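# Coordinate inspection notes
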Amino acid sequence: MKFTISSVNRFLFFKLPSAYWSGVRLQKLNDFEAETFVRYKWFNQNPFRSMYFAVQAMAAELSTGALVMKKISESKEQISMLVAQNNAVFHKKAVGKIVFKCTDGSVVDEAIDLVLNPNEGTTFWMKTIGTDEKGDIVSVFNFEWTIKKKKNK
């Protein structure tokens, strides 16, 4: 798959339908950063008139995972990826359009270099910050990704 914004959003529809139907979308992707967004709406609400935390987590994870997938694709190597753990801090209610921005592209580059030389797995943390339409921080997520070069059979 060529990594474009539309191809990743199409990937969501087929491979992560719960994120797609919750309104999670990729809006920016380059070598250095990725941005996703999700809008508060009836389908992704919690009982407290804000966005359900798990919907924020899906958008946050995609902002880090899109960078990892892009870099793996560009390496032309068979590399597996998986979230090992995550944590989050919620600062205020998520209403309106929430944008998650991850600027850890260089972290992924370093990790892929480690995996390819000497072919061992590695883990690394990526941070993404969710802001509302006013620019206020709504939530901050950290994801520990693990990557490993697949062995040829």
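First things first, this report covers the structure right here in the doc. (Residues numbered from 1 in each chain as written. Predicted model: local features only at pLDDT ≥ 70, side-chain atom pairs only at ≥ 80, totals over all residues. Heavy atoms only, no water.)

## Considerations on the environment of phenylalanine 53
- Relative to the helices and strands, phenylalanine 53 is located in helix H3 (residues 53–75).
- In sequence terms phenylalanine 53 and alanine 94 are 41 residues apart; their C-alpha atoms lie 8.6 Å from each other.
- Sequence-distant contacts of phenylalanine 53, that is, excluding residues within four places in its chain, are made with Phe90 and Phe141. (Helix = DSSP H or I, 4+ residues; strand = E, 2+ residues; numbered from the N terminus. Contact = heavy atoms within 4.5 Å.)

## With respect to the environment of tryptophan 21
- Here tryptophan 21 lies in helix H2 (residues 17–22).
- Expressed as a C-alpha distance, the spacing of tryptophan 21 and asparagine 44, which sit 23 residues apart in the sequence, is 8.9 Å.
- Once residues lying within four places of it in the same chain are set aside, the contact partners of tryptophan 21 are Phe13, Lys41 and Phe43.

## As for the pairing of strand E2 (residues 34–39)
- In terms of burial, E2 is a largely internal element, 5 of the 6 residues being buried.
- The hairpin formed by strand E1 (residues 25–29) and E2 contains 4 residues between the paired strands.
- Relative to strand E4 (residues 97–102), E2 runs antiparallel, the two sharing 6 bridges. Its bridge partner lying in E4, phenylalanine 37 is registered against valine 99. (Buried < 20%, exposed > 50% of the residue type's maximum accessible area, 1.4 Å probe, protein only. Pairing = 2+ DSSP bridges.)

## Examining the packing of aromatic side chains
- On inspection of all chains with the given rule, the structure shows 8 aromatic pairs.
- Ring geometry for phenylalanine 13 versus tyrosine 20: centroids 5.0 Å apart, planes at 85°, classification edge-to-face.
- According to the relative accessible area criterion, phenylalanine 13 is partly exposed, its value standing at 35%.
- In this arrangement the basic side chain of arginine 25 is found over the ring face of tyrosine 20, its NZ or CZ atom lying 3.8 Å from the centre.
- Across the ring face of phenylalanine 37, the terminal group of lysine 97 is positioned such that the distance to the ring centre comes to 4.7 Å. (Phe/Tyr/Trp six-rings, centres within 6.5 Å; stacked < 30°, edge-to-face > 60°. Lys NZ or Arg CZ within 6 Å of the ring centre and 35° of its normal.)

## Points about the nonpolar core
- With 36 residues, the main nonpolar core has Val68, Phe124, Met126 and Ile147 as its most contacted residues.
- For this core, the elements supplying multiple residues, two or more each, are helix H1 (5–15), E1, E2, H3, E4, helix H4 (105–116), strand E5 (122–131) and strand E6 (137–149).
- Apart from residues lying up to four places away in sequence, isoleucine 147 is in contact with Val68, Ile72, Ile79, Ser80, Met81, Ala111, Ile112, Val115, Gly121, Thr122 and Phe124. (Core = buried A, V, L, I, M, F, W, Y, C linked by side-chain atoms within 4.5 Å.)

## Focus on the sheet that holds E4
- The strand order across the open sheet formed by 6 strands is E1-E2-E4-E5-E6-E3, and the pairing between neighbours is antiparallel. Bordering the open sheet on either side are E1 and strand E3 (79–90), each of which pairs with just one other strand. Geometrically, the sheet is characterised by an average inter-axis angle of 25° between neighbouring strands, direction not taken into account.
- Where E1 lies against E2, 4 bridges are found, and the strand directions are antiparallel. Residue pairing for E2: arginine 25 is matched across the bridge by phenylalanine 37.
- Sheet contacts for H3: E1, E2, E3, E4, E5 and E6; angle to E6, the most-contacted strand, approximately 40°.
- Relative to the sheet, H4 contacts E3, E5 and E6, its axis offset from that of E5 by approximately 165°. (Axes fitted to C-alpha atoms, helices over the stretch in contact; angles between N-to-C directions.)

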